[in-house]
There are 4 protein chains.
Amino acid sequence: MNIQASGDFDISMLKTRLDEVWKELFRTSTFLTAVGAGETTRSLYASYLIETYHYTRHNARNQALVGVALPGDDPQYQRFCFQHAAEEAGHEQMALHDIKSLGIADLEAKLPEPLPETSVLTAYLYWISYQGNPVQRLGYSFWAESCYEYILPLMGQVIQALGLTSAQTTFFVAHADIDVAHAEMVNAMLARKCRTAADWAAASEVMETSLRLTGRMMDAVHEEHRRLMSGQSERCAFLRDL
Amino acid sequence: MNIQASGDFDISMLKTRLDEVWKELFRTSTFLTAVGAGETTRSLYASYLIETYHYTRHNARNQALVGVALPGDDPQYQRFCFQHAAEEAGHEQMALHDIKSLGIADLEAKLPEPLPETSVLTAYLYWISYQGNPVQRLGYSFWAESCYEYILPLMGQVIQALGLTSAQTTFFVAHADIDVAHAEMVNAMLARKCRTAADWAAASEVMETSLRLTGRMMDAVHEEHRRLMSGQSERCAFLRDL
Amino acid sequence: MNIQASGDFDISMLKTRLDEVWKELFRTSTFLTAVGAGETTRSLYASYLIETYHYTRHNARNQALVGVALPGDDPQYQRFCFQHAAEEAGHEQMALHDIKSLGIADLEAKLPEPLPETSVLTAYLYWISYQGNPVQRLGYSFWAESCYEYILPLMGQVIQALGLTSAQTTFFVAHADIDVAHAEMVNAMLARKCRTAADWAAASEVMETSLRLTGRMMDAVHEEHRRLMSGQSERCAFLRDL
Amino acid sequence: MNIQASGDFDISMLKTRLDEVWKELFRTSTFLTAVGAGETTRSLYASYLIETYHYTRHNARNQALVGVALPGDDPQYQRFCFQHAAEEAGHEQMALHDIKSLGIADLEAKLPEPLPETSVLTAYLYWISYQGNPVQRLGYSFWAESCYEYILPLMGQVIQALGLTSAQTTFFVAHADIDVAHAEMVNAMLARKCRTAADWAAASEVMETSLRLTGRMMDAVHEEHRRLMSGQSERCAFLRDL
């Protein structure tokens, strides 16, 4: 973290840092560069959605946990946490739906445990939700709700290459629409709740760290898929048929 | 608990049991009988609102905790928990407002810690929210959201006796309106989520136990107020001036 | 709570208050007065041990939770919490053993859920362990580790009346021996950690409240046993054969 | 994770995997290779100890949490968790002591927040302690208690290069002695509690993941130290004087 203690923080500085980290990820992530270079298969798409299912099913929970753990009374922020959690509830079902729509029967019985990198991301999101600066999870929402700006071009490529219908991309496409309103609420809440340099620093650290952990999760998906295809891993053997 | 293991449970049986417990409380509670007999003072009303503030500020939190702790995926119930929590968030501020409106300046600095009986109620609501049968907290909502039917007559008496304006009774009166829709949602959710006799038994046990603990809290308010007025307790000395 | 804010607290004042509450319980508890008057049956003894099993299996857990939740570094107190928890671990097995030794086969399959009053006690012990004043749980240990002074005479009566062997009273008799050293450590820790009137008040409130909730649990055992014997409850039907 | 579902797991397989991961870390870690190549300064040593302090102060807590969260009764394992936690309590004070002994006055006031990578490690250790397979944290203990075998040669180099006295290396040297007995207990407990391939897989995944996260923490220490020395970071400006 290279955040200086200063009162001059605002959302545009978060945004500037976010651009930098995304740029770095697009340059260094094996997953993003491979997909960008056209390595798009249904099994890789499904592999990614499986991990997406795994961390997404915790997102409403850890978002709500912020409101549960809030020290002192702050009805406005607490309400935001619970409302936002309510809106996120069930989004993991979209990821499941999209995987099934690729033609995988009886998916629930086949789902593997999350990859370690997915567990690390999940662990971190709980940790920053139940302790530390109460506003810091907004740093995660800040990038998560607006990530479509960065990844939609790539998703467009994937959709075209794989010939996916809109019924097979509900998580990303529908989610992108849903999250526009969320992103605005998150920005407004950040502006309102971050009152000190320490608040902005905490939100920024969580933004950057959770995005990097997501990057590591994506790269782990890519590596695990490589192992699947080369016969070194049977974890998702059922994806070889796609 | 005198719940038999049977599949014949429905909401009307919860309601029947609830009527019985309320009847018993109206007969045995020192607080309810004293208020019913006309023992209505501003200081007793304020004493009650102080404890109401203390447990109410945890209600949105423990309601949300049910959705956080939910084992497995159940988007519908999870969303209900978070939405309901969002609607309950900040209700404790109404209790604070009503106390202040009685003419108490600088209330926050004067607020005592909760009475032990209030802590016991709060402790129990968290406990039944983070472990055990996930539907059981609906038993608390079942009576809490519909309690106005039972206590509004008494509240009417109190309001008249003390000459309270609607701005001094926001918690109870406004709350009663808000909670009509809640009560319907709670009933619908109970009917949908209670599938086994064990589910109904868990909801019924939580209903009865949390109502009885609320009764004990009310009686503790009454006893503490008696001690205040007889000079045995200085905990809420600032209420003597009302 | 009638604790005044004063710096003059010490253990002897806790002890004085404890004597008063025990005296009140011996006078008002339906369980203690019935047992004192000779109402001693194996089924009542077993009923009590079942609830003892239920709350005791949480005692090591909530004791350890104090050390987990400790804000800031306090190695000495943290070590005490974990050591004490280690020593309490498994004590619930003694209660199970004593019930089985009365001649109940396949007990695990028959064990009912805890009575509501047992759940309330358990809920409270977790609550005061994970939030609030970190020293407050010492107030529970203070009376729990030294309760044998108060209840051993009664236990002696029960043992004689029921002709129980030492292998059928391991929880109480063995426990009494084990807890002498604990009680000394608890007293030393209370003296060391309670530095303000608020600390003593918190420990005293938890002492009194947890003892009263234990009293309510005992009375619930007595009432439930009455219902068992009069055929109104089938919850512990297997105890009728004893 | 390349763990196959098989019943043939035993400790020697954990050990084999551990050797591989350590070898990889000694090859790829910027911190380990730099230190191995003689980049040893007091400020780097202090930087490492600061992060060590930060995660170590959570170790007793998350170890105890395993025993708190244990589903069902398992007195033996529960006792182990609490005893082990008791023995780990306060170890962070050794790290603090060693930093101070380098000549840093008023350290507590200067201590920066943990690096993000340290927070990620801490987050993960809590996560695997309060949910998932109850035996999995043994995988962390397995490598943590026996890490001295791998890093003592390096530590020896550092101690000699910096001319550190035994009073300046209490965390590592004393810790190494203390942990021999721990390591034996951990091995015995692993052998006893891992009964299925899933148990061994869970322990192995936690072993590997927590070691890799520790590696990332070490590399973050190295990078942050480089930034300190090049004037890009003021986070630990007080270390420049060493």
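Residues numbered from 1 in each chain as written. Chains lettered and ligands numbered in written order. Predicted model: local features only at pLDDT ≥ 70, side-chain atom pairs only at ≥ 80, totals over all residues. Heavy atoms only, no water.

Q: Outline the overall build of chain A, listing residues and values.
A: The helix and strand tally for chain A stands at 11 helices and 0 strands. Of the regular secondary structure in chain A, the N- to C-terminal order runs α-α-α-α-α-α-α-α-α-α-α. Against the 2.2 N^0.38 benchmark of 18 Å for 242 residues, chain A shows a C-alpha radius of gyration of 18 Å, consistent with a compact globule. Of the contacts made within chain A by residues no fewer than 6 positions apart, 83% connect residues no fewer than 24 positions apart. (Helix = DSSP H or I, 4+ residues; strand = E, 2+ residues; numbered from the N terminus. Rg over C-alpha atoms; globule rule 2.2 N^0.38 Å. Contact = heavy atoms within 4.5 Å.)

Q: Break down the interface of chain A and chain B for me, with residues and values.
A: The interface is formed by 23 residues belonging to chain A together with 23 residues belonging to chain B. Of the roughly 1,900 Å² buried where chain A meets chain B, counting both sides, 52% is carbon and sulfur surface. Scanning the region where chain A abuts chain B turns up 2 salt bridges. For Arg57(B), the salt bridge goes to Asp73(A), with nearest N and O atoms at 2.9 Å. (Buried area = accessible area lost by both parts, 1.4 Å probe. Salt bridge = Lys/Arg side-chain N within 4 Å of Asp/Glu carboxyl O.)

Q: Please provide a residue-by-residue account of the pattern of salt bridges, values included.
A: Applying the stated criterion across every chain yields a total of 52 salt bridges over all chains. Note that Asp19(A) and Lys15(A) form a salt bridge whose closest N and O atoms lie 3.5 Å from each other. Taken together, the residues span about one helical turn, with Asp19(A) and Lys15(A) both in helix α1 (residues 11–28) at a distance of 4 residues. Exposure remark for Asp19(A): the relative accessible area of 27% places this residue in the partly exposed category. In this structure, Asp74(D) and Lys193(D) form a salt bridge, with 3.0 Å as the shortest nitrogen-oxygen distance. Placement of Asp74(D) in the loop between α3 (42–69) and α4 (75–88) and of Lys193(D) in helix α10 (residues 170–193) is noted, with a sequence separation of 119 residues between them. Within the structure, one salt-bridge network assembled from shared partners comprises Arg17(A), Glu20(A), Glu24(A), Glu208(A) and Arg212(A). (Buried < 20%, exposed > 50% of the residue type's maximum accessible area, 1.4 Å probe, protein only.)

Q: Tell me about the interface of chain D and chain A, and name the residues and values.
A: Tallying the contact residues gives 19 residues for chain D and 19 residues for chain A. Summed over both partners, the interface of chain D with chain A comes to about 1,700 Å²; 63% of that surface belongs to carbon and sulfur atoms. Interface area lost by chain D to chain A is led by Pro116(D), Val120(D) and Trp127(D), which between them contribute 29%. At the junction of chain D and chain A, the tally comes to 0 salt bridges. Between chain D and chain A we count 0 residue pairs in polar contact (both at pLDDT 80 or more) in total. At the level of elements, α7 (116–130) and α11 (197–229) of chain D are the ones that each hand at least two residues to the side of chain D that touches chain A. (Polar contact = N/O pair within 3.5 Å; in protein donor to acceptor, adjacent residues only side chain to side chain.)

Q: Explain the relation of the copies chain D and chain A to me, using residue names and the numbers behind them.
A: When chain D is fitted to chain A, the best match, at an RMSD of 0.0 Å, comes from turning it 180° and sliding it 0.0 Å along the axis. A rotation of that kind, with that shift, is consistent with a two-fold axis. Relative to the rotation axis, the closest C-alpha in chain D is found at Ala123(D), a distance of 2.8 Å. (Least-squares fit on C-alpha atoms with pLDDT ≥ 70 in both.)

Q: Before we move on, could you go through the relation of the copies chain A and chain B and cite the residues and values that matter?
A: When chain A is fitted onto chain B, the two copies agree to an RMSD of 0.0 Å after a turn of 180° and an axial shift of 0.0 Å. The residues that chain A uses at the interface reappear at the interface of chain B in 100% of cases, marking a shared surface.

Q: For the state of the cysteines, give the residues involved together with the corresponding values.
A: In the structure shown here, the tally under the stated rule is 0 disulfides over all chains. Distance from the sulfur of Cys194(D), which forms no disulfide, to the nearest cysteine sulfur (Cys81(D)) is 12 Å. (Disulfide = S-S within 2.5 Å.)

Q: Can you break down the nonpolar core residue by residue, with the values?
A: Counting 334 residues, the largest nonpolar core has Trp22(A), Trp22(B), Leu190(B), Trp22(C), Leu190(C), Trp22(D) and Leu190(D) as its most contacted members. Apart from the residues lying within four places of it in its own chain, the contact partners of Trp22(A) are Leu32(A), Trp143(A), Cys147(A), Tyr150(A), Ile151(A) and Leu211(A). (Core = buried A, V, L, I, M, F, W, Y, C linked by side-chain atoms within 4.5 Å.)

Q: So what about the packing of aromatic side chains? Which residues, and what values?
A: Residue and element names in this part refer to chain D. Scanning the model with the defined rule gives 42 aromatic pairs over all chains in all. Aromatic pair Trp22 and Tyr150: ring centres 5.1 Å apart, planes at 15°, arrangement stacked. Taken together, the positions of Trp22 in helix α1 (residues 11–28) and Tyr150 in helix α9 (residues 148–162) put the pair 128 residues apart, joining distant regions of the chain. When its relative accessible area of 3% is taken as the criterion, Trp22 is described as buried. Between Tyr140 and Trp143 the ring centres are 5.7 Å apart and the planes differ by 80°, which places this aromatic pair in the edge-to-face class. Note that Tyr140 and Trp143 are positioned in helix α8 (residues 137–144) at a spacing of 3 residues, about one turn of the helix. (Phe/Tyr/Trp six-rings, centres within 6.5 Å; stacked < 30°, edge-to-face > 60°.)

Q: Which residues make up the arrangement of the chains, and what values do they have?
A: Nowhere do chain A and chain C come into contact; their C-alpha atoms are at least 11 Å apart. Nothing in chain B touches chain D, and the closest approach of their C-alpha atoms is 11 Å.

Q: So what about the packing of helix α7 (residues 116–130) of chain A against helix α11 (residues 197–229) of chain A? Which residues, and what values?
A: Residue and element names in this part refer to chain A. The contact between α7 and α11 brings their axes to 8 Å, and the two run at 165°. The angle between α7 and α11 falls in the class roughly antiparallel. The hand of the α7/α11 crossing is left-handed. Here Glu117, Thr118, Val120, Leu121, Tyr124, Leu125 and Ile128 of α7 lie close against α11, whose contacting residues are Glu205, Val206, Thr209, Ser210, Leu213, Thr214, Arg216, Met217 and Ala220. Among the residues forming the contact of α7 with α11, the class breakdown is 9 nonpolar, 4 polar and 3 charged. (Axes fitted to C-alpha atoms, helices over the stretch in contact; angles between N-to-C directions. Parallel < 35°, antiparallel > 145°, perpendicular 65-115°, else oblique. Left-handed = near helix turned anticlockwise from the far one by under 90°. Nonpolar A, V, L, I, M, F, W, Y, C, P; charged D, E, K, R; others polar.)

Q: Could you give an account of helix α1 (residues 11–28) of chain C, naming the residues involved and the relevant values?
A: Residue and element names in this part refer to chain C. Taking 1.5 Å as the rise per residue, α1 with 18 residues should run 26 Å; its terminal C-alpha atoms sit 25 Å apart, in good agreement. All of the buried residues along α1 are Ile11, Leu14, Arg17, Leu18, Val21, Trp22 and Leu25. Projected onto a plane normal to the axis of α1, the buried residues spread over an arc of 140° and lie on a single side. Facing away from the buried side of α1 by over 90 degrees, the exposed positions are Lys23 and Arg27. (Expected span 1.5 Å × (residues − 1). Arc of directions from axis to C-beta.)

Q: With reference to specific residues and values, describe the packing of α8(D) against α11(D).
A: All names here are of chain D. α11 packs onto α8 with a crossing angle of 55° between their chain directions and a minimal axis gap of 7 Å. With respect to α11, the element α8 is oriented oblique. When the axes of α8 and α11 are compared, the crossing they make is right-handed. Packed against α8, whose contacting residues are Arg137, Gly139, Tyr140, Phe142 and Trp143, the element α11 presents Ala203, Val206, Met207, Ser210, Leu211 and Thr214 at the interface. For the contact of α8 with α11, the residue count by class is 7 nonpolar, 3 polar and 1 charged.

Q: Residues and numbers for unusual backbone geometry, please.
A: Residue and element names in this part refer to chain A. Positioned with a positive phi, Asp106 is a non-glycine residue whose angle comes to about 60°. Within the element layout of this structure, Asp106 appears in the loop between α5 (91–100) and α6 (107–110). By relative accessible area, which is 55% here, Asp106 ends up exposed.

Q: Give a description of the side chain of Glu92(C) that names residues and reports values.
A: Mapped onto the elements of the fold, Glu92(C) is located in helix α5 (residues 91–100). The buried charged residue Glu92(C) lacks any salt bridge, with Arg57(C) as its nearest oppositely charged partner at 5.8 Å. The residues contacting Glu92(C), other than those within four sequence positions of it, are Tyr53(C), Thr56(C), Arg57(C), Asp73(D) and Pro75(D). (Lys, Arg positive; Asp, Glu negative; His and termini not counted.)

Q: Residues and numbers for the environment of Asp10(A), please.
A: All names here are of chain A. Within the secondary structure, Asp10 sits in the segment before α1. With relative accessibility at 33%, the residue Asp10 sits in the partly exposed group. The spacing of Asp10 and Arg42 is 32 residues in sequence and 41 Å in space, taken between C-alpha atoms. Among the polar contacts made by the side chain of Asp10, one reaches the side chain of Ser12 at a distance of 2.6 Å.

Q: Break down the side chain of Gln168(B) for me, citing the residues and quoting the values.
A: All names here are of chain B. Checked against the element boundaries, Gln168 lands in the loop between α9 (148–162) and α10 (170–193). What makes Gln168 buried here is its relative accessible area of 11%. Separated by 3.0 Å, the side chain of Gln168 and the backbone oxygen of Ser101 make a polar contact. Gln168 has contacts with Arg42, Tyr45, Asp98, Ser101, Leu102 and Gly163, leaving out every residue within four places of it along the chain.

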